[in-house]
Amino acid sequence: MSNPKLEASEDIPRPDPDMMGDEWDSLSQWLDFHRATFRLKCAGLTDDQLKLRPVATSTLSLLGLMRHLTEVERGWFAETLAGQNVDPLYWSKTDPDGDFDRLDSRPVQEVEKSYLAAITEAHEIVASFEDASDLRRHPTQRPVTVRWVMMHMVEEYARHNGHADLLREAIDGARGE
């Protein structure tokens, strides 16, 4: 039995980061690479498949990861870098794992739309800075550079793309990208 292979397409292009890029381009390109990788892991699945939790010892699902990554995008870019007051969409202080647990609280299409909007907003916020060393102060925490946020987001996506690899393969056997 051959497993389906996930590949970039016109609908979800996956950038090939420039091996000679400067710091700013490299950070942006690698983050977009990981964003596209995650989107590929979710592509072509039904709403029910996105909600599946195929690993018996885990509550992770691809939809839960999408909800979590939406919150992370909004938190680090809109709140931390842009200084906006951002209310969570899927979790609360009384339900800190709501992004992973309450999968039926919002329609899948709304979650996907919010996720893509968060990425678009993140791009706009990053474009408003001149340099990766630019500093913004989190409203309640210590100063942070754009560089640190971008590196953290690459790490965040890389970790969750590993989860998404396993989830997708368990759902329909698809591998790759």
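Look above for the structure.
Nothing here was measured: the structure is a model prediction, and the numbers come from that model.

Caption draft 1: Just helix 5 (residues 108-127), in detail. In this model, helix 5 (20 residues) spans 29 Å end to end at C-alpha, consistent with the 28 Å of a helix rising 1.5 Å per residue. Looking at helix 5, one finds that the buried residues are Val 108, Val 111, Ser 114, Tyr 115, Ala 118, Ile 119, Ala 122, Ile 125 and Val 126. Looking straight down helix 5, one finds that the buried residues subtend no more than 140° of arc, so they occupy a single side. Facing away from the buried side of helix 5, by more than 90 degrees, are the exposed residues Lys 113, Glu 124 and Ala 127. Where helix 5 is buried, its residues contact helix 1 (23-42), helix 2 (47-51), helix 3 (62-81) and helix 6 (146-172).

Caption draft 2: Here's a closer look at helix 1. Here helix 1 is 20 residues long and its end C-alpha atoms lie 29 Å apart, about the 28 Å a rise of 1.5 Å per residue gives. Those residues of helix 1 that sit buried are Leu 27, Leu 31, Phe 33, His 34, Arg 35, Ala 36, Thr 37, Phe 38, Leu 40, Lys 41 and Cys 42. As for helix 1, its buried residues are in contact with helix 2, helix 3, helix 5 and helix 6. The opening residue of helix 1 is Asp 22, an N-cap whose side-chain oxygen sits 3.3 Å from the backbone nitrogen of Trp 24. One or two residues past the end of helix 1 sits Gly 44, with phi positive at roughly 80°.

Criteria and thresholds
- Residues numbered from 1 in each chain as written.
- Predicted model: local features only at pLDDT ≥ 70, side-chain atom pairs only at ≥ 80, totals over all residues.
- Heavy atoms only, no water.
- Helix = DSSP H or I, 4+ residues; strand = E, 2+ residues; numbered from the N terminus.
- Expected span 1.5 Å × (residues − 1).
- Buried < 20%, exposed > 50% of the residue type's maximum accessible area, 1.4 Å probe, protein only.
- Arc of directions from axis to C-beta.
- Contact = heavy atoms within 4.5 Å.
- Polar contact = N/O pair within 3.5 Å; in protein donor to acceptor, adjacent residues only side chain to side chain.

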